[in-house]
Amino acid sequence: MDANEILDYCLAKKGVTESFPFDNETLVMKVGTKMFLLMALEKQPLSINVKTDPEWSAELREQYPQITGAFHMNKTHWNSVMVDGLKRDLIFKMIDQSYDLVFKSLTKKAKEEILNG
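Residues numbered from 1 in each chain as written. Predicted model: local features only at pLDDT ≥ 70, side-chain atom pairs only at ≥ 80, totals over all residues. Heavy atoms only, no water.

Peer 1: Looking at this structure, I do not really get the packing of aromatic side chains. What am I missing?
Peer 2: Geometry of an aromatic ring pair is reported as the spacing of the ring centres plus the angle between the planes. Using the criterion set out here, one finds three aromatic pairs in the structure. Here the aromatic rings of F36 and Y99 are separated by 5.4 Å at their centres, their planes lie at 85°, and the arrangement is edge-to-face. Of the two residues, F36 is situated in strand β3 (residues 34-40) and Y99 in helix α3 (residues 88-104); the sequence distance between them amounts to 63 residues. Of the residues examined, Y99 reaches a relative accessible area of 9% and is grouped as buried. Every member of this aromatic cluster is reached through a ring pair, and the members are F36, Y99 and F103. Sitting over the face of the ring of Y99, K13 holds its NZ or CZ atom 5.1 Å from the ring centroid. (Phe/Tyr/Trp six-rings, centres within 6.5 Å; stacked < 30°, edge-to-face > 60°. Helix = DSSP H or I, 4+ residues; strand = E, 2+ residues; numbered from the N terminus. Buried < 20%, exposed > 50% of the residue type's maximum accessible area, 1.4 Å probe, protein only. Lys NZ or Arg CZ within 6 Å of the ring centre and 35° of its normal.)

Peer 1: In this structure, what is going on with helix α1 (residues 3-11)? I would like to understand it.
Peer 2: An α-helix turns once every 3.6 residues. As a result, residues three or four positions apart point the same way. For α1, the complete set of buried residues consists of I6, L7 and C10. Along α1, the residues classed as buried sweep out an arc of 100° about the axis, all on the same side. In α1, the exposed residues that point more than 90 degrees away from the buried face are N4 and D8. As for α1, its buried residues are in contact with β1 (16-19), β2 (26-31), β3, β4 (47-51) and α3. The residue sitting at the N-terminus of α1 and contributing the capping side-chain oxygen is D2; that oxygen lies 3.2 Å from the backbone nitrogen of N4. (Arc of directions from axis to C-beta. Contact = heavy atoms within 4.5 Å. Polar contact = N/O pair within 3.5 Å; in protein donor to acceptor, adjacent residues only side chain to side chain.)

Peer 1: Explain the packing of α1 against α3 here, please?
Peer 2: The axes of two packed helices give the description: the angle between them and the distance between them. Contact pair α1 / α3: the axes reach a minimum separation of 11 Å and the direction vectors enclose 40°. For the element pair α1 / α3, the angle class is oblique. For the element pair α1 and α3, the recorded crossing hand is right-handed. Between α1 and α3, the residues in contact are E5, I6, Y9 and C10 and R88, F92, I95 and D96, respectively. (Axes fitted to C-alpha atoms, helices over the stretch in contact; angles between N-to-C directions. Parallel < 35°, antiparallel > 145°, perpendicular 65-115°, else oblique. Left-handed = near helix turned anticlockwise from the far one by under 90°.)

Right, dumping it as structure tokens:
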């Protein structure tokens with residue numbers, strides 16, 4: 001899986017925007033005004049940061065050496081994921097959960113604008 005596949009998958013979701021708020025290498029995907037995925041484009045192997053339920057985060061970290069607590073982020077909720085060696089379905093499932101968790105945290109007005117926009 002490469003960065004373009006992840007980008008296309010994210011952009012297919014409602015209300016998603018992309019930006020580079022931190023530097024020219026870290027792509028940030030947002031739903032509404034909140035981040036749900038970060039991707040270091042210049043770093044190899046490809047790595048993403050996603051938000052997951054804390055219980056699932058613990059399971060993922062135990063099961064996969066490629067998944068660790070995200071650097072510079074709340075490690076209870078955010079994971080760094082080295083994409084190499086992981087199944088595409090698992091990566092998409094983590095992206096889906098990250099998007100869903102962040103979407104749920106938006107205001108009612110923001111959710112309605114995204115769903116109706």
